[in-house]
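Each chain, written out:
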Amino acid sequence: MEKEKIIEGKIFADLHSHFKRPSNHKELEALLEKLSYGISGITEFNRGDCLRYNELITFKSDLFDISEVEQGRLAKIHYYTKNSCGYIIKTQEVREKHVSKFPGVNNFEILAVGCSGIPDDISLKDAVDIIHYMGGLAIAVHPYTTSTGKWPIKYRLINENEEKHLPQLYELMDEVEVFNAQNIQVFPFTNFLNMNISNEKAKESIKRTKFKGIASSDAHSRAFLTEVFGTGLEQSKMAGIYLPRENDIFESLKHNIVTSNFERLEQYVDRISFASCMFL
Ligand SMILES: [Zn+2]
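Residues numbered from 1 in each chain as written. Predicted model: local features only at pLDDT ≥ 70, side-chain atom pairs only at ≥ 80, totals over all residues.

Some details on the environment of G232
Right, on to step 1. Looking at the secondary structure, you find G232 in the loop between strand 15 (219-220) and strand 16 (240-244).
Right, on to step 2. Using a count of 24 C-beta atoms within 10 Å as the deciding quantity, one classes G232 as buried.
Right, on to step 3. Taking the C-alpha atoms as reference, G232 lies 9.7 Å from H18; in sequence the two are 214 residues apart. (Helix = DSSP H or I, 4+ residues; strand = E, 2+ residues; numbered from the N terminus. Buried ≥ 20, exposed ≤ 12 C-beta atoms within 10 Å, placed from the backbone.)

Brief notes about unusual backbone geometry
Right, on to step 1. Phi is positive for H142, which is not a glycine, with a value near 25°.
Right, on to step 2. As for its position among the elements, H142 is in the loop between strand 10 (137-141) and strand 11 (145-147).
Right, on to step 3. For S260, which is not glycine, the phi torsion reads 60° and is therefore positive.
Right, on to step 4. Examined against the element boundaries, S260 turns out to sit in the loop between helix 7 (249-258) and strand 17 (263-265).
Right, on to step 5. Looking at S260, the number of C-beta atoms within 10 Å reads 12, which means it is exposed.

Focus: helix 7
Counting along an α-helix, one turn takes 3.6 residues, and residues three or four places apart therefore face a common direction.
Right, on to step 1. Looking at helix 7, one finds that the buried residues are I249, L253 and I257. The arc that holds every buried residue of helix 7, seen down its axis, measures 60°, which confines them to one face.
Right, on to step 2. Where helix 7 terminates, the next one or two residues include S260, which has phi positive at roughly 60°. (Arc of directions from axis to C-beta.)

Let's talk about the nonpolar core
Right, on to step 1. One finds A13, I88, I110, A112, A138, I139 and A140 to be the most contacted residues of the largest nonpolar core, which totals 63 residues.
Right, on to step 2. With five residues, strand 10 is the largest single contributor of residues to this core. (Core = buried A, V, L, I, M, F, W, Y, C linked by C-beta atoms within 7 Å.)

Okay, structure coming up:
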């Protein structure tokens, strides 16, 4: 357990993190250990293959107990050996490809917290209505970073035209992610691919709004375990928020987020881990 993440009376939450499906028992146990403290979002996409909450809760291991606390939304993972306990929460990254955009604007992405299955081809407003109907929260993620849809440079800063639409996006949101641990300065001493700027702009953009701004890792674990580059699991919980530790985990998470009762932990993933997740 990472000691720096444990603060008396607080619970640490990294709501935006993507995991790969474990392919053997060793990978399964490494994953469950990572999830056995704090709160981890199991972030699904509509596109491609990713580990989903509904699948994770069916996993079996003698070292861990996985039990649902709120059906279809929140589960508890108890790690017997260390007597530690964490929560996983269903989240979905809703991408512009799947949700029709503002006219002429690309690629805003939102995080649905506490639900998933938001369908494709509906307006962003409808997506947020569904999220709220299902009792979830809608959070704009990395609002200044957008996908290029191309390899190897998969992302870019949004342009001025796209930036003009942020107030419309924010109007629909419950919060905004202003620190994303993937927004690293890829090369030292140059602003080429310096995505730190994206976080700085996001922080600037919520000044004089109702938002405080959350942090998350946006962890991406890789297609295989490698001792050299790490497993990708090291990215999970690099960034997140500290919330008061209260009994009703999901309702208290929601309440404390919308009332700005949390503190951010901001740590970037390291360059090697970032590069191997992005490019390998
Ligand atoms: Zn993401």
